[in-house]
Amino acid sequence: MTAIVQDDVDEKRRRVLLIATTAAGAALGGATAVPFLASWLPSARALAAGAPVDADISRIEPGQQVIFEWRGKPVWVLRRTPEMLDQLPKHDGVLVDPQSNESDQPEYAKNPTRSIKPEVLIAVGVCTHLGCSPTLKKEIGAASDMGADWPGGYYCPCHNSRFDLAARVFKGSPAPKNLVIPPHRYASDTLVVIGEDKKGA
Ligand code: FES
């Protein structure tokens, strides 16, 4: 098993290895980046074909996020805390598409948490505006220059799009839609296959 921190790898290796993790913090207060595990290494052939990738999520702690790569794109796996989940229904009025009617996700993720398991968010980390990759942000509230009405979540620095922890976009952002939820299924409680739907789905 190899431990990879995002800043320690060059771009070429970063494309084929698990990238990194960021600790969100249950209180949404700290901004500590935590090096994390990396155990995913698909074959070059699988990558080229856009094959599904297996994501071992067994060691992702509540509040932590790990980034996998699928079809050349970052795919976030965030294990949301109960506090994060409690926050989600509180800001529907300031979202562009709170019910995800105009956004892209499998039918089984078209729900308030945009996920199969409420505590596990799996989303493609590519902004629906012009394709930058937003980052997980914990600094929130009036002291933030990102907007006092924003409870924290994902922030795209390219043109200031803001998303919540269900990857739903806030009004006033240039991004027109929520972030994409990729097809995925649980092969077991701790193994997610990204890029493949549930059997029979
Ligand atoms: S690419 Fe994200 S806001 Fe423009």
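Structure report, in brief.

Definitions and limits used
- Residues numbered from 1 in each chain as written.
- Predicted model: local features only at pLDDT ≥ 70, side-chain atom pairs only at ≥ 80, totals over all residues.
- Heavy atoms only, no water.
- Buried < 20%, exposed > 50% of the residue type's maximum accessible area, 1.4 Å probe, protein only.
- Helix = DSSP H or I, 4+ residues; strand = E, 2+ residues; numbered from the N terminus.
- Pairing = 2+ DSSP bridges.
- Salt bridge = Lys/Arg side-chain N within 4 Å of Asp/Glu carboxyl O.
- Phe/Tyr/Trp six-rings, centres within 6.5 Å; stacked < 30°, edge-to-face > 60°.
- Contact = heavy atoms within 4.5 Å.
- Polar contact = N/O pair within 3.5 Å; in protein donor to acceptor, adjacent residues only side chain to side chain.
- 1 Å grid on protein atoms, 1.4 Å probe; cavity = no way out; pocket = protein on both sides within 12 Å on 5 of 7 lines; lining within 4 Å.
- Points joined across faces, edges and corners; volume = space filled by probe spheres on them.
- Nonpolar A, V, L, I, M, F, W, Y, C, P; charged D, E, K, R; others polar.
- Axes fitted to C-alpha atoms, helices over the stretch in contact; angles between N-to-C directions.

Digging into the pairing of strand S6 (residues 73-79)
The side chains of a regular strand alternate, first on one face of the sheet and then on the other. Within S6, six of the seven residues are buried, which leaves the element mostly enclosed by the surrounding structure. Inspection of the sheet shows strand S5 (residues 64-70) paired to S6 by six bridges, in the antiparallel sense. Counted as the bridge partner of Val-66 is Val-77 from S6. Counted between consecutive antiparallel strands, the loop separating S5 from S6 contains two residues, among which Arg-71 sits at a positive phi close to 55 degrees. Both S6 and strand S7 (residues 120-124) contribute to a ladder of five bridges, which runs antiparallel. Residue Trp-76 lies in a different strand from S7, and its bridge partner there is Ala-123.

Some thoughts on the pattern of salt bridges
Where charged atoms from two side chains of opposite charge come close, those side chains can pair. In the structure shown here, the tally under the stated rule is five salt bridges. A salt bridge links Lys-117 to Asp-189, with the nearest nitrogen and oxygen atoms 3.5 Å apart. Taken together, the residues Lys-117 in the loop between helix H3 (82-87) and S7 and Asp-189 in the loop between strand S11 (184-186) and strand S12 (191-194) connect sequence positions 72 residues apart. Here Arg-168 and Asp-164 are joined by a salt bridge, their closest N and O atoms 2.8 Å apart. The buried category is assigned to Arg-168, whose relative accessible area is 2%. Judged by relative accessible area, Asp-164 falls into the buried class, the value being 0%. Through salt bridges that share partners, Asp-92, Asp-164 and Arg-168 make up one connected network.

Notes on the packing of aromatic side chains
The full count for this structure, using the stated rule, is one aromatic pair. With a centroid separation of 4.0 Å and 5 degrees between ring planes, the pair formed by Trp-76 and Tyr-154 is classed as stacked. Here the residue Trp-76 occupies a position in strand S6, and Tyr-154 occupies one in strand S9 (residues 153-156), the gap between them amounting to 78 residues. Accessibility assignment for this pair places Trp-76 and Tyr-154 in one class, buried.

Focus on the environment of His-159
If you trace the backbone, His-159 turns up in the loop between S9 and strand S10 (161-163). Placed 30 residues apart in sequence, His-159 and His-129 show a C-alpha to C-alpha distance of 8.5 Å.

Some remarks on the environment of Glu-196
Mapped onto the secondary structure, Glu-196 falls in the segment after S12. Taking C-alpha positions, Glu-196 is 9.5 Å from Tyr-186, a pair spaced 10 residues apart along the chain. Not counting residues up to four positions away in its chain, the partners in contact with Glu-196 are Pro-52, Tyr-108, Pro-183, His-184 and Arg-185. Within the structure, Glu-196 has its side chain in polar contact with the side chain of Arg-185 (distance 2.5 Å).

Regarding the layout of surface pockets
By volume, the second largest pocket amounts to about 170 Å³. As for the second largest pocket, its lining consists of Leu-85, Leu-88, Pro-89, Asp-92, Pro-98, Gln-99, Asn-101, Lys-110, Asn-111, Pro-112, Thr-113 and Arg-168. Of the residues contributing to the lining of the second largest pocket, the split by class is five nonpolar, four polar and three charged.

Some words on the sheet that holds S12
Strand pairs in the sheet, formed through backbone hydrogen bonds, run parallel or antiparallel to each other. With respect to topology, three strands assemble into an open sheet ordered S4-S12-S11, the strand pairing being antiparallel. Two strands in the sheet have a free side with no partner beyond their single neighbour: strand S4 (53-56) and S11. The mean inter-strand angle of the sheet, taken between neighbouring strand axes irrespective of direction, is 25 degrees. Across four bridges, S4 lies against S12 in antiparallel orientation. Residue pairing for S12: Ala-55 is matched across the bridge by Val-192.

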